[in-house]
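Spelled out from the first residue to the last, the chains are:
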Amino acid sequence: MRLTAYTDYTLRTLMHLATNQDHLVTIQDIADLHSVSKNHLMKVVHQLGLSGMVDTVRGRNGGLKLSKDPKQINIGEVVRNSESDFFMAECFDHSDTCCAYASACALKGVLSSATAAYLAVLDGVTLEDLVSKKVGGAGLKAKASPIHLHAKIKQT
């Protein structure tokens, strides 16, 4: 299972807002922190605003803030809302049924179960869990540092 860059930026935005609740944060602040496109983040923030998770304040001293307590923001819901689909293989797309194994294949059921298990784990996590030391001991109460999407692999 791999999240899209859109979902990754959505989660990073929410995490940054959760760790900076004492002041408004700008899209530029988040873009600079993670070295990502401000234009792409504008789309993410727009959708977060429509979903009711983020409030936007316009104007010279404007910015972003969470509209809900981090305890109330479920990560499973965030991922479901930001991913366009969970097609693990071609056969998940009902409009494309050209697989020669479709009539006797068990792969779709196995992958479907794996996706459900993945989402079930995310359903048990809140935004507060991600920014505290409750999940895996790696919370973000300390100063955040950039996360790079793809590590460079050295060729030997």
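Please refer to the structure higher up on the page.
Note that the structure is a prediction, hence the values are computed from the model and not measured.

**Observations concerning the overall build of the protein**
Phase 1 of the analysis: Tallying secondary structure elements over the protein gives 6 helices and 2 strands in all.
Phase 2 of the analysis: Overall, the protein shows an N-to-C arrangement of helices and strands of α-α-α-β-β-α-α-α.
Phase 3 of the analysis: A buried classification covers 32% of the 156 residues belonging to the protein.
Phase 4 of the analysis: Summed over all atoms, the accessible surface of the protein reaches about 10,200 Å², with 54% contributed by carbon and sulfur.

**Things to note about the pairing of strand S1 (residues 54-57)**
Phase 1 of the analysis: Of the pairings in the sheet, the one linking S1 to strand S2 (residues 63-66) comprises 4 bridges and is antiparallel in character. Residue pairing for S2: Val-54 is matched across the bridge by Leu-66.
Phase 2 of the analysis: Between S1 and S2, which pair antiparallel and follow one another directly, the connecting turn spans 5 residues, one of which, Gly-59, has a positive phi of 110°.

**Side note on the packing of helix H4 (residues 75-82) against helix H5 (residues 107-123)**
Phase 1 of the analysis: Viewed as axis vectors pointing N to C, H4 and H5 meet at an angle of 130°, and their least axial separation amounts to 6 Å. Between H4 and H5, the angle is such that the two are oblique. Contact residues: H4 offers Ile-75, Gly-76, Glu-77, Val-79 and Arg-80, while H5 offers Leu-119, Leu-122 and Asp-123.
Phase 2 of the analysis: Here the contact of H4 with H5 is composed, by residue class, of 4 nonpolar, 1 polar and 3 charged.

Analysis parameters
Residues numbered from 1 in each chain as written. Predicted model: local features only at pLDDT ≥ 70, side-chain atom pairs only at ≥ 80, totals over all residues. Heavy atoms only, no water. Helix = DSSP H or I, 4+ residues; strand = E, 2+ residues; numbered from the N terminus. Buried < 20%, exposed > 50% of the residue type's maximum accessible area, 1.4 Å probe, protein only. Areas by Shrake-Rupley, 256 points an atom, 1.4 Å probe, with all protein chains shown as cover. Pairing = 2+ DSSP bridges. Axes fitted to C-alpha atoms, helices over the stretch in contact; angles between N-to-C directions. Parallel < 35°, antiparallel > 145°, perpendicular 65-115°, else oblique. Contact = heavy atoms within 4.5 Å. Nonpolar A, V, L, I, M, F, W, Y, C, P; charged D, E, K, R; others polar.

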